[in-house]
Protein chains: 2
Amino acid sequence: MADAGGKTLTVPQRRPLKDALAYAGRVAEARIGFALSGLEGDVPEAMLYAVAGGKALRAFLVLETARLHKIDPVAVAGAAAAIECIHAYSLAHDDMPCMDDDALRRGQPTVHKKWDEATAVLAGDGLQALAFELLAQAECPLRPKLNLVITLANAAGVRGMVGGQAADMAAETAKEPLSLDQIIALQAGKTGALISWSALVGPRMAEAEREPLTTYGNALGLAFQIADDVLDVTGDASVVGKAVGKDHAAGKATFVSLLGLDGAKNRAASLVEEACDALSPYGDDAETLKEAARFVIARTH
Amino acid sequence: MADAGGKTLTVPQRRPLKDALAYAGRVAEARIGFALSGLEGDVPEAMLYAVAGGKALRAFLVLETARLHKIDPVAVAGAAAAIECIHAYSLAHDDMPCMDDDALRRGQPTVHKKWDEATAVLAGDGLQALAFELLAQAECPLRPKLNLVITLANAAGVRGMVGGQAADMAAETAKEPLSLDQIIALQAGKTGALISWSALVGPRMAEAEREPLTTYGNALGLAFQIADDVLDVTGDASVVGKAVGKDHAAGKATFVSLLGLDGAKNRAASLVEEACDALSPYGDDAETLKEAARFVIARTH
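Engineer: Looking at this model, I keep getting lost on the overall build of chain A. Mind explaining?
Structural biologist: Regarding its fold elements, chain A presents 16 helices and two strands. In summary, chain A has a C-alpha radius of gyration of 19 Å against a globular reference of 19 Å for 301 residues, a match within 12%. The C-alpha extent of chain A, read off along each of the three principal axes, is 60 × 50 × 30 Å. A burial count over chain A gives 54% of its 301 residues as buried.

Structure, rendered in structure tokens:
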């Protein structure tokens, strides 16, 4: 395919979800590994460790929505790496003893368990800075790129992910358990903001209509968190790769405690339907994104 | 003063250091306060708390070097706020028990003492995201702005501030105390990178020659850290506003342990001279920046 300037673009064909996720993981890890090359010591090592072995769902959403909008994948590799940096930093910090106090993540010791708390703080901090460096260095036009920097900072910050995590911490000591609306708002920040941002990279880069992928991303993010709550109850820690049953044991309000197990599963399924329906303007080309939505609620880890 | 497009610029006249520092602090805090307006809870409150009451040296360097290059101060207010966000986040994280374990900062309880460790982690994380949001939203041309985003992310990250802090943590458990060259390299990351970045905002925004302010910023950053080591030995905690004597008591290699107290003071003084000499292309207009360099080694807090 050639663009108007005659430059050959290498927009790939659609591929099955499993391959597309693996590819997204490789793109993000390669970009991050290259950025850290030549550095020695625990902190750069912990940064790579924190990024490795995830599902790369967010990087996949970046690359796949860019593909739908005929954006050269090279132009969005930095954005794919950036969102995985943000996600990985949030896990390294959230797993710390003063936060969720988790020892296991992706079937491996969490960063502060493998190294120590100082390394977890610094690796997380370094990953957040690296996210913005990689995004701002992406090989793409300035205006959409700056828009991506602003929206990522907002999604990652106190009006997005950090705010959601803060609300989650506050809920633990609150007198009343959260209502369904409060949990939906909390999760829209904690998990939803990064997923929604990832799904909008394609239209933002192309400066195209954002509505279909806004609906898709918001529904997917919420379905993802409901599925997480379901996994917390039904999952096997050895398969999930992290501790399960903690929220349930702590008596925390979750989608399962509020909607019941079947109610939560049904809600997630109808959100996936909503997400898939929103993709109709893209036709068959969006099939892998639909597959991703179905995967999110069918996954065992 | 009017620029080529006829728009009236409001580049202020030079003012004395004390006024310029206070002004820079007000600009940064106002911008950050506005960004956090409407948010409730411990984390946004802790973010503002972490920013308030500092010397605002870095924001001052941003505004003052922009003034030297005839940049509208409105265009760099976001950059001034951004660097104070990064600085404040680094203090909130570095003061935590797993890092430097400090209870006092700017004469007030540190963030994890006033709230708790989770709040310190999240407030720091939120401030780093906010830094990039404010910088990327600055009202200035896209190309220099993106350049500022990339260079700030690099200065704040594992090749800059985070890397310097990691080296500092590693030095505590190392078998041999650090050499002078190693401490200079460590401090160039830990303290120097942000100071140098701040001093280059003016020429970067103006896309002008960076050499004079590169020399100034690098010399100033090193002088600043030597002065910190001197204060650790000679300072009074009630005036300094944080614990003193810790590095000395811990037997850590510092500029004072390596050069002696007089040797360290002499080194700092010659760095200040170097910093001031580098400003000669700017003539009398750079007098406040010279005053700042002299202040850095004369300060008692």
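Engineer: Honestly, the interface of chain B and chain A in this entry has me stumped. Any pointers?
Structural biologist: Listed per partner, the contact involves 40 residues of chain B and 40 residues of chain A. Elements supplying a minimum of two residues to the side of chain B that touches chain A: α2 (42-51), α6 (117-136), α7 (142-156) and α8 (161-173) of chain B. No other element matches α6 of chain B, which puts 12 residues into the side of chain B that touches chain A. Residue composition of the side of chain B that touches chain A, grouped by class: 26 nonpolar, eight polar and six charged.

Engineer: Would you mind going over unusual backbone geometry with me for this structure?
Structural biologist: Most peptide bonds are trans, and most residues other than glycine sit at a negative phi. With a phi angle near 60 degrees, Ala 56 of chain A is a residue other than glycine that sits in the positive phi range. The residue Ala 56 of chain A is located in the loop between α2 (42-51) and α3 (57-68) in this model. Look at Ala 56 of chain A and you get buried, because 25 C-beta atoms sit within 10 Å. The backbone phi angle of Lys 70 of chain B is positive, close to 60 degrees, even though this residue is not glycine. Given 14 C-beta atoms within 10 Å, Lys 70 of chain B falls into the partly exposed group.

Engineer: Looking at this model, I keep getting lost on the relation of the copies chain B and chain A. Mind explaining?
Structural biologist: Applying a rotation about an axis and a shift along it to one chain copy brings it onto the other copy. Superposition of chain B onto chain A requires a rotation of 180 degrees combined with a translation of 0.0 Å along the rotation axis, giving an RMSD of 0.0 Å. The relationship between the two copies is best expressed as a two-fold rotation axis. Take the interface residues of chain B: 100% of them recur as interface residues in chain A, which is what a same-surface contact looks like.

Engineer: I tried to follow helix α11 (residues 211-234) of chain A on my own but got confused; where do I start?
Structural biologist: An α-helix turns once per 3.6 residues; consequently, residues spaced three or four apart project the same way. Between its terminal C-alpha atoms α11 of chain A stretches 34 Å, which fits the 34 Å expected from 24 residues at 1.5 Å a residue. Of all 24 residues that make up α11 of chain A, 18 are buried, and the element is covered over most of its length.

Engineer: Honestly, the nonpolar core in this entry has me stumped. Any pointers?
Structural biologist: Inside soluble globular proteins, nonpolar side chains tend to come together where they are buried. The biggest cluster of nonpolar side chains holds 209 residues, and the ones touching the most others in it are Ala 80, Cys 85 and Ala 223 of chain A together with Ala 80, Cys 85 and Ala 223 of chain B. Sequence-distant contacts of Cys 85 of chain A, defined by excluding residues within four places in its chain, comprise Ile 32, Val 51, Leu 127, Gln 128, Leu 130, Ala 131 and Leu 134 of chain A.

Engineer: Which parts of the structure should I look at to understand the environment of Ala 75 of chain B?
Structural biologist: Position of Ala 75 of chain B relative to the elements: it lies in helix α4 (residues 73-94). Ignoring any residue separated from it by four or fewer positions in sequence, one finds Ala 75 of chain B in contact with Ala 138, Glu 139, Cys 140 and Met 205 of chain B.

Engineer: Help me understand helix α1 (residues 17-35) of chain A, please; the structure alone is not making it clear to me.
Structural biologist: All names here are of chain A. The first and last C-alpha atoms of α1 sit 27 Å apart over 19 residues, in line with the 27 Å expected at 1.5 Å per residue. Every buried residue belonging to α1 is among Ala 20, Leu 21, Ala 24, Gly 25, Val 27, Ala 28, Glu 29, Arg 31, Ile 32 and Ala 35, and all of these are buried. Along its buried surface, α1 packs onto α2, α3, α4 (73-94), α6 (117-136) and α16 (287-298).

Engineer: Whenever I open this one, the packing of helix α1 (residues 17-35) of chain B against helix α3 (residues 57-68) of chain B confuses me. Can you help?
Structural biologist: Two quantities define a packed helix pair, namely the angle between the axes and the distance from one axis to the other. Residues and elements named next belong to chain B. Where α1 meets α3, the axes come as close as 8 Å, and the angle between the chain directions of the two elements is 100 degrees. By the angle between their axes, α1 is roughly perpendicular relative to α3. Across the interface between the two elements, Ala 20, Leu 21, Ala 24, Gly 25, Val 27 and Ala 28 of α1 pack against Leu 57, Ala 59, Phe 60, Leu 63 and Glu 64 of α3. Among the residues forming the contact of α1 with α3, the class breakdown is nine nonpolar, one polar and one charged.

Engineer: What exactly am I supposed to notice about the confidence of the model for chain A here?
Structural biologist: One rule of thumb: low pLDDT means the predicted coordinates there are not for detailed reading. Residue and element names in this part refer to chain A. This prediction gives chain A a mean pLDDT of 92; 93% of its residues lie at or above 70. Low pLDDT (under 50) marks residues 1-7, which in the prediction has six contacts with non-local residues, meaning those over four places away or in another chain. Quick note on the complex model: pTM equals 0.94, ipTM equals 0.94.

Engineer: Sorry if this is basic, but what is going on with the environment of Ala 120 of chain A here?
Structural biologist: With respect to the secondary-structure elements, Ala 120 of chain A resides in helix α6. For the pair Ala 120 of chain A and His 93 of chain A, spaced 27 residues apart in sequence, the C-alpha separation works out to 6.5 Å.

Engineer: What exactly am I supposed to notice about the environment of Gly 33 of chain B here?
Structural biologist: All names here are of chain B. Considering the arrangement of structural elements, one finds Gly 33 in helix α1. Judged by the 15 C-beta atoms lying within 10 Å of it, Gly 33 falls in the partly exposed class. Distance in space between the C-alpha atoms of Gly 33 and Glu 273 is 37 Å, their sequence separation being 240 residues.

Criteria and cut-off values
Residues numbered from 1 in each chain as written. Chains lettered and ligands numbered in written order. Predicted model: local features only at pLDDT ≥ 70, side-chain atom pairs only at ≥ 80, totals over all residues. Helix = DSSP H or I, 4+ residues; strand = E, 2+ residues; numbered from the N terminus. Rg over C-alpha atoms; globule rule 2.2 N^0.38 Å. Buried ≥ 20, exposed ≤ 12 C-beta atoms within 10 Å, placed from the backbone. Contact = placed C-beta atoms within 7 Å. Nonpolar A, V, L, I, M, F, W, Y, C, P; charged D, E, K, R; others polar. Least-squares fit on C-alpha atoms with pLDDT ≥ 70 in both. Expected span 1.5 Å × (residues − 1). Core = buried A, V, L, I, M, F, W, Y, C linked by C-beta atoms within 7 Å. Axes fitted to C-alpha atoms, helices over the stretch in contact; angles between N-to-C directions. Parallel < 35°, antiparallel > 145°, perpendicular 65-115°, else oblique. pLDDT = per-residue confidence, 0-100.

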